[in-house]
Amino acid sequence: MGTICNMGAEIGATTSLFPYNHRMADYLNATSRSDISQEASKYSESLLTPDKGCDYDQLIELDLSTLEPHVNGPFTPDLAHPISKLAENAKSNNWPIEIKVGLIGSCTNSSYQDMARCATIAKEALDHGRKSKIPFNVTPGSEQIRATIERDGIAQTLRDFGGTVLANACGPCIGQWDRKDVKKGEKNTIVSSYNRNFTGRNDANPATHAFVTSPEMVTALAIEARLDFDPTTESIKGADG
């Protein structure tokens, strides 16, 4: 819900709302704000829910079981590619196939759950002798998330995978990245789970083809470091064969 609300602004929404629900209560309770949870629960049926019989200008229904992972870009979050079509689209547009850097976190996809799911993928790769082929930067979403992923070993798993855990700040998402691996003007591809990928935003290089996707997809793509790899259908060969 946080990710959807965060990304709403990227497609022109001025406000994004979800009715109060039990997951919000769980979150408030888990972050030492039970008093707020209890107060909100008193009004969950009267104030923090849609009015009965209300009409909307547009109603969109999604069948989540039919959704396919997407990778969006380059140069705009509006250019969306189902992962099954990404290789074809990249080759036909002459985008650099090799991925130079993978980046997860920032404000949009950096919850404890996001980090834990990425660590699960990383651990599976490590168990078979594989890790990220490329620099893999991790930006926790808050100090609490940084502290808890350190406490629970998630940060260390991501480091073992080849990751660098950065400060819990905006970081490369807003261009705070003194990038050394490519020269300015050099055509290259990066993949991140950030909310924006406009020209030059991450590294001040207008030739960087920045793609955005989920943290899990960034992690999986980092293992092969290629846009023409589809982790939903293709296997990764472990060092153990």
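Above this note sits the structure.
No experiment lies behind these values; they were computed from the predicted model shown.

**Student:** Help me out: how do you make sense of the overall build of the protein chain in this one?
**Tutor:** A tally of regular secondary structure across the protein chain gives eight helices and seven strands. Relative to the 2.2 N^0.38 estimate, which gives 18 Å for 241 residues, the radius of gyration of the protein chain is 19 Å and therefore close to what a compact globule would have. Projected onto the principal axes, the alpha-carbon positions of the protein chain cover approximately 55 × 45 × 35 Å. When burial is assessed residue by residue, the protein chain has 39% of its 241 residues classed as buried. The contacts of the protein chain with a sequence gap of at least 6 include a subset with a gap of at least 24, amounting to 66%. Of the roughly 13600 Å² of accessible surface on the protein chain, a fraction of 52% belongs to carbon and sulfur atoms. Mean positive and mean negative side-chain charge positions of the protein chain (24 and 31 charges, respectively) differ by 8 Å.

**Student:** Could you clarify how one ought to interpret the side chain of Thr148 in this entry?
**Tutor:** Note on placement: Thr148 falls in helix α6 (residues 143-151). In this structure Thr148 comes out as buried when scored by relative accessible area, which is 18%. A distance of 3.1 Å separates a polar atom in the side chain of Thr148 from the backbone oxygen of Ile145.

**Student:** Where do I start with the packing of helix α2 (residues 22-30) against helix α3 (residues 34-42) in this structure?
**Tutor:** Helix-helix packing is described using two parameters, namely the angle between the two axes and the distance between the axes. At a minimum axis separation of 7 Å, α2 and α3 run at an interaxial angle of 155°. Viewed along their axes, α2 and α3 adopt a mutual orientation that is roughly antiparallel. Seen from α2, the contacting residues are Ala25, Leu28 and Asn29; seen from α3, they are Ser34, Ile36 and Ser37. Considered class by class, the residues forming the contact of α2 with α3 number three nonpolar, three polar and no charged.

**Student:** In this structure, what is going on with the pattern of salt bridges? I would like to understand it.
**Tutor:** Where charged atoms from two side chains of opposite charge approach closely, those side chains can pair. Evaluation of the coordinates by the stated rule reveals 15 salt bridges. For the salt bridge of Glu224 with Arg130, the shortest nitrogen-to-oxygen distance reads 3.0 Å. With Glu224 in helix α8 (residues 215-224) and Arg130 in the loop between α5 (112-127) and β4 (136-139), the pair connects residues that are 94 residues apart, well separated along the chain. A residue is classified by how much of its surface remains accessible, and Arg130, at 15% relative accessible area, is buried. The closest approach of N and O atoms between Glu143 and Arg146, which form a salt bridge, is 2.6 Å. Linking Glu143 with Arg146, this pair stays in helix α6, spanning three residues, or about one helical turn.

**Student:** Would you explain the packing of aromatic side chains in this entry?
**Tutor:** Aromatic rings in a pair are described by how distant their centres are and how their planes are angled relative to each other. This structure, assessed with the given rule, holds two aromatic pairs. A centroid spacing of 5.7 Å and a plane angle of 65° characterise the contact between Trp95 and Phe211, whose relative ring orientation is edge-to-face. One end of the pair, Trp95, is in the loop between α4 (83-92) and β3 (99-105); the other, Phe211, is in strand β7 (residues 208-212), and 116 residues separate them in sequence. Across the pair, exposure class does not vary: Trp95 and Phe211 are buried alike. Look at Phe136 and Phe161: their rings are 5.2 Å apart centre to centre, the planes differ by 85°, and that puts the pair in the edge-to-face class. Of this pair, Phe136 sits in strand β4 while Phe161 sits in the loop between α7 (154-160) and β5 (163-165), and the two are 25 residues apart along the sequence. Take Phe136 and Phe161: they sit in the same class, and that class is buried.

**Student:** Just to check I follow, could you spell out empty space enclosed by the protein for this structure?
**Tutor:** All chains considered together, the criterion is met by one cavity of 30 Å³ or more. Taken as a whole, the largest cavity spans an internal volume of roughly 40 Å³. What lines the largest cavity is simply Phe75, Ile190, Asn197, Phe198, Thr199, Gly200, Arg201, Asn202, Asp203, Asn205, Thr208 and Ala210. Here the lining of the largest cavity is built from residues that sort into four nonpolar, six polar and two charged.

About the criteria used
Residues numbered from 1 in each chain as written. Predicted model: local features only at pLDDT ≥ 70, side-chain atom pairs only at ≥ 80, totals over all residues. Heavy atoms only, no water. Helix = DSSP H or I, 4+ residues; strand = E, 2+ residues; numbered from the N terminus. Rg over C-alpha atoms; globule rule 2.2 N^0.38 Å. Buried < 20%, exposed > 50% of the residue type's maximum accessible area, 1.4 Å probe, protein only. Contact = heavy atoms within 4.5 Å. Areas by Shrake-Rupley, 256 points an atom, 1.4 Å probe, with all protein chains shown as cover. Lys, Arg positive; Asp, Glu negative; His and termini not counted. Charge placed at Lys NZ, Arg CZ, Asp CG, Glu CD. Polar contact = N/O pair within 3.5 Å; in protein donor to acceptor, adjacent residues only side chain to side chain. Axes fitted to C-alpha atoms, helices over the stretch in contact; angles between N-to-C directions. Parallel < 35°, antiparallel > 145°, perpendicular 65-115°, else oblique. Nonpolar A, V, L, I, M, F, W, Y, C, P; charged D, E, K, R; others polar. Salt bridge = Lys/Arg side-chain N within 4 Å of Asp/Glu carboxyl O. Phe/Tyr/Trp six-rings, centres within 6.5 Å; stacked < 30°, edge-to-face > 60°. 1 Å grid on protein atoms, 1.4 Å probe; cavity = no way out; pocket = protein on both sides within 12 Å on 5 of 7 lines; lining within 4 Å. Points joined across faces, edges and corners; volume = space filled by probe spheres on them.

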